[in-house]
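# Working through the structure, step by step
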Amino acid sequence: MTALPRGVRLGVDVGQVRVGVALSDPDGILATPLVTLARDLKTGIEAVPADISEIARLVELHEVVTVVVGLPVTLAGGHGLAATQAKAYAERLGAAIAPVPVDLVDERMSTVVASRRLAERGVRGRRQRAVVDQAAAVEILQSWLDRQRRRTE
């Protein structure tokens, strides 16, 4: 099998209020938190929202080769309103960063896992809310990286 091609990947956790962003190393081994962005829900359908514009800037700055967006699948494996919204966000993001591909990945429980890990490290309350979206983006991206590596081993 072939190894995972070199290149930085960007992970995105889309929430109603904030967007968490994580970045991988060029070898695709480790995801690390990058930034939390406020969702821009006021921009019309024709314009690019500020959060998507900032992600596009980060994609260019870090020479990202793939963006991974979390798809909030229900515990039963279905797609509810949140998944529909995440798909729409991924499509809008894809249009802004083309030709860089956007990959949707099942992110079931990523925010729960991220919150638990932060709490275990003593990060709680307001401090946790400030970084939980980044931590969830790390969970999303790391699970994607691990799956990609298993496929190439």
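Structure first, text after, so check above.
The shown structure was predicted, so the numbers you read here are calculated from the model rather than taken from an experiment.

The rules behind the values
- Residues numbered from 1 in each chain as written.
- Predicted model: local features only at pLDDT ≥ 70, side-chain atom pairs only at ≥ 80, totals over all residues.
- Heavy atoms only, no water.
- Axes fitted to C-alpha atoms, helices over the stretch in contact; angles between N-to-C directions.
- Helix = DSSP H or I, 4+ residues; strand = E, 2+ residues; numbered from the N terminus.
- Parallel < 35°, antiparallel > 145°, perpendicular 65-115°, else oblique.
- Left-handed = near helix turned anticlockwise from the far one by under 90°.
- Contact = heavy atoms within 4.5 Å.
- Nonpolar A, V, L, I, M, F, W, Y, C, P; charged D, E, K, R; others polar.
- Expected span 1.5 Å × (residues − 1).
- Buried < 20%, exposed > 50% of the residue type's maximum accessible area, 1.4 Å probe, protein only.
- Arc of directions from axis to C-beta.
- 1 Å grid on protein atoms, 1.4 Å probe; cavity = no way out; pocket = protein on both sides within 12 Å on 5 of 7 lines; lining within 4 Å.
- Points joined across faces, edges and corners; volume = space filled by probe spheres on them.
- Salt bridge = Lys/Arg side-chain N within 4 Å of Asp/Glu carboxyl O.

## Some points on the packing of helix 1 (residues 50-61) against helix 2 (residues 81-97)
Relative orientation of the contacting elements helix 1 and helix 2 amounts to 50°, with a least axis distance of 9 Å. Overall, the two elements helix 1 and helix 2 adopt an arrangement that is oblique. Judged by the twist between their axes, the crossing of helix 1 over helix 2 is right-handed. Of helix 2, the residues touching helix 1 (which contributes Asp-51, Ile-52, Ile-55, Ala-56 and Val-59) are Tyr-89, Arg-92, Leu-93, Ala-96 and Ile-97. Among the residues forming the contact of helix 1 with helix 2, the class breakdown is eight nonpolar, no polar and two charged.

## Topic: helix 1
Helix length check: helix 1 (12 residues) gives 16 Å between terminal C-alpha atoms against 16 Å at 1.5 Å per residue, within 8%. Within helix 1, the full set of buried residues consists of Asp-51, Ile-52, Ile-55, Ala-56, Leu-58 and Val-59. Projected down its long axis, helix 1 shows its buried positions confined to an angular sector of 160°, all on one face. Exposed side chains of helix 1 directed beyond 90 degrees from the buried face belong to Glu-60 and Leu-61. Lining the buried residues of helix 1 we find strand 1 (8-14), strand 2 (18-24), strand 3 (31-38), strand 4 (64-71) and helix 2. Downstream of helix 1 by a residue or two, Glu-63 has a phi angle that is positive, lying close to 50°.

## Things to note about the layout of surface pockets
By volume, the largest pocket is sized at about 310 Å³. Of all the secondary structure elements, the ones that give two or more residues to the lining of the largest pocket are helix 1 and helix 2. Among the elements that take part in the lining of the largest pocket, helix 2 stands out by supplying six residues, more than any other. Looking at the lining of the largest pocket, its residues break down into nine nonpolar, four polar and four charged.

## Things to note about the pattern of salt bridges
The final tally for this structure, using the stated rule, is five salt bridges. Asp-133 is the salt-bridge partner of Arg-18, the closest N and O atoms lying 2.5 Å from each other. With a gap of 115 residues between them, Arg-18 in strand 2 and Asp-133 in helix 4 (residues 125-152) connect regions that are remote in the sequence. The exposure class assigned to Arg-18 is partly exposed, which follows from its relative accessible area of 29%. When the shortest N-O distance is used, the salt bridge between Asp-51 and Arg-39 registers 3.6 Å. Residue Asp-51 is located in helix 1, and its partner Arg-39 is located in the loop between strand 3 and helix 1; the two are separated by 12 residues in the primary sequence. Note on Asp-51: relative accessible area 2%, which makes it buried. We classify Arg-39 as partly exposed; its relative accessible area is 24%.

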